[in-house]
Amino acid sequence: PWRTVTSEQDLEDALEAKEPHIRCGREVPLDVVLSKIDRMESLKLDLGTMDDDSMALLAKALGPNNSLTTLDLFSNNIGGGGGVELGKALRENKKLEVLNLGRNNIGEDGGCAIANALVGNEHLTHLRLSFAGLGSQSGADFATMLETNKVLQSLNIGGNSIGDASCKKLAASLTKNNTLTNLGISGNTSNIITMATWRALAITAAGRSPDQPLAVESDFLAWRNLLNEATLSLTYGVRPVQRFPLFLCGYSGVGKTTLSYTLEQLAMPTNLPKHTHGVATRNLLVSGKEFSIWDYAGHMEYYVTHEFFLLPSQAVFIVCVRGDEVEKKTADQLYYWLRFIKC
């Protein structure tokens, strides 16, 4: 647990008591905190207490610091300038192991500076940069960093806009990395991460030896929660529902079968049939509710029989399209299937 201090005397008392985790409230001036930082092991300055200017001052003190192992700067107003200064500090610092920068606006400049600083860093093991305004270039720089970094164990860059291309680079770089054990990339909104990329990441993770596992945090749990909510709008009269129909529709090769297995396993499968022939069915249990999954083949020769089974009432439909196609082509695919199932 963190001990919160709200005055200079509180801070001194906590240090005298050798408290390992100290959270400084905004009532404690930053210059006071920095004057005592060499006596701290873990420091939290969160919830709007930091901006670029104060980050520059902290970074200057952090570079030569030889005591701090954990720094939590969650949910502040640190922007790209602060991120660049922090990158400079990470090149010099020889002690920090855990760094939390989640929910700041680090952006591309700050993200790239931090990623590049970690190429030669031999101490930081856990880094959180979720919801930090990262984009495709910083995502690519983190991928490059992972090719040579041999100490980072956990990296969370979820909730950003790193995109599919950067995630592909991450999958490739992780084939050369055996130290990262947890990668968080869920919730990236720009250039939807395709099933092919998820599969590449899963294959990389599956190829790890048992004593060097890799867990990839994905968005599949969100899919299951969405299914659970969808059933609330289905009504079958007074008779209790035993099983909800779930129809997966879309062209061939968009990832319907992959999605059906990931919903069941909450992980990307690595060994699947290349194509579905006709209709493949299986059952799925989500939050105590049973779904009957109907995975429809995407090849045109099967369409003539699909219309006899795609009943538009009292079912959950998922129409799958490719996220890496041009927008008009994706929209055309989507509208075709919506018309096909008479929605």
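Residues numbered from 1 in each chain as written. Predicted model: local features only at pLDDT ≥ 70, side-chain atom pairs only at ≥ 80, totals over all residues. Heavy atoms only, no water.

Undergrad: So what exactly am I meant to see when it comes to the overall build of the chain here?
TA: Broken down by element type, the chain carries twelve helices and 13 strands. Across the 343 residues of the chain, 48% fall into the buried class. In the chain, the proportion of contacts linking residues at least 24 apart, taken out of those at least 6 apart, comes to 72%. Element-wise, carbon and sulfur atoms account for 52% of the exposed surface of the chain, whose accessible area totals about 16600 Å². (Helix = DSSP H or I, 4+ residues; strand = E, 2+ residues; numbered from the N terminus. Buried < 20%, exposed > 50% of the residue type's maximum accessible area, 1.4 Å probe, protein only. Contact = heavy atoms within 4.5 Å. Areas by Shrake-Rupley, 256 points an atom, 1.4 Å probe, with all protein chains shown as cover.)

Undergrad: Just to check I follow, could you spell out the side chain of Ser-166 for this structure?
TA: Structurally, Ser-166 can be placed in helix H7 (residues 163-173). You can call Ser-166 buried: its relative accessible area is 3%. Excluding anything up to four places from it in sequence, Ser-166 contacts Ser-136, Gly-139, Ala-140 and Ala-143.

Undergrad: Where do I start with the nonpolar core in this structure?
TA: Here is a general trend for soluble globular proteins: nonpolar side chains tend to be buried in one another's company. Core analysis: the largest hydrophobic core is formed by 58 residues, its most contacted members being Ile-114, Leu-127, Leu-129 and Phe-142. In this view, Leu-129 contacts Leu-101, Ile-106, Ile-114, Leu-134, Phe-142, Asn-156, Ile-157, Gly-158 and Asn-160; residues no more than four positions away in its chain are not counted. With 13 residues, the next largest nonpolar core counts Leu-248, Val-254, Phe-291 and Ile-318 among its residues. (Core = buried A, V, L, I, M, F, W, Y, C linked by side-chain atoms within 4.5 Å.)

Undergrad: Would you take a moment to explain the pairing of strand S2 (residues 21-24) for this structure?
TA: Within a regular strand, side chains alternate between the sheet's two faces. Burial along S2 is one-sided: Ile-22 and Cys-24 are buried, and none of His-21 and Arg-23, which face the opposite way, are. Strand direction decides the pairing type here: strand S1 (residues 3-5) and S2, joined by three bridges, are parallel. Residue pairing for S2: Arg-3 is matched across the bridge by Ile-22. You can see the chain leave S1, run along helix H1 (residues 8-16) and come back into S2, and the turn it takes is right-handed. With three bridges connecting them, S2 and strand S3 (residues 42-44) associate as parallel partners. Paired with His-21 across the bridge in S3 is Ser-42. For the handedness criterion, the β-α-β arrangement of S2, helix H2 (residues 30-35) and S3 is classed as right-handed. (Pairing = 2+ DSSP bridges. Right-handed = clockwise from strand over helix to strand, strands pointing away.)

Undergrad: Help me understand helix H5 (residues 107-117) in this model?
TA: For H5, a buried count of eight out of eleven residues is recorded, marking the element as mostly surrounded by other parts of the structure. Of the residues making up H5, those classed as buried are Gly-107, Gly-110, Gly-111, Cys-112, Ala-113, Ile-114, Ala-115 and Ala-117. Next to the buried residues of H5 lie helix H4 (80-92), strand S6 (126-128) and helix H6 (136-148).

Undergrad: What is the right way to look at the environment of Pro-245 in this model?
TA: Looking at the secondary structure, you find Pro-245 in strand S10 (residues 244-249). In sequence terms Pro-245 and Ser-292 are 47 residues apart; their C-alpha atoms lie 4.9 Å from each other.

Undergrad: I would appreciate a short explanation of the environment of Trp-294 in the present structure.
TA: Within the secondary structure, Trp-294 is located in strand S12 (residues 289-296). Overall, Trp-294 belongs to the partly exposed group, its relative accessible area being 25%. Taking the C-alpha atoms as reference points, Trp-294 and Phe-247, separated by 47 residues in sequence, lie 4.9 Å from one another.

Undergrad: Where do I start with the sheet that holds S10 in this structure?
TA: Note on sheets: strands pair through backbone hydrogen bonds, and any given pair is parallel or antiparallel. As summarised here, the arrangement of the four strands in space is S11-S12-S10-S13, forming an open sheet in which the pairing is mixed. Sheet topology places strand S11 (279-286) and strand S13 (316-319) at the edges, where each strand pairs with a single neighbour. On average, each strand axis in the sheet is tilted by 20° relative to the strand beside it, whichever way the strands run. Pairing analysis gives four bridges linking S10 to S13, with the strands arranged parallel. Residue pairing for S13: Leu-246 is matched across the bridge by Val-316. (Axes fitted to C-alpha atoms, helices over the stretch in contact; angles between N-to-C directions.)

Undergrad: Help me out: how do you make sense of the pattern of salt bridges in this one?
TA: Oppositely charged side chains may form a pair once their charged atoms are brought near each other. By the definition in use, this model includes nine salt bridges. Lys-36 serves as the salt-bridge partner of Glu-12, at 2.9 Å between the closest nitrogen and oxygen. Within this pair, whereas Glu-12 is found in helix H1, its partner Lys-36 is found in the loop between H2 and S3, the two being separated by 24 residues in sequence. Pair check on accessibility: Glu-12 and Lys-36 agree, each one buried. Salt bridges sharing partners connect three or more residues here, namely Glu-12, Glu-16, Lys-36 and Arg-39. (Salt bridge = Lys/Arg side-chain N within 4 Å of Asp/Glu carboxyl O.)

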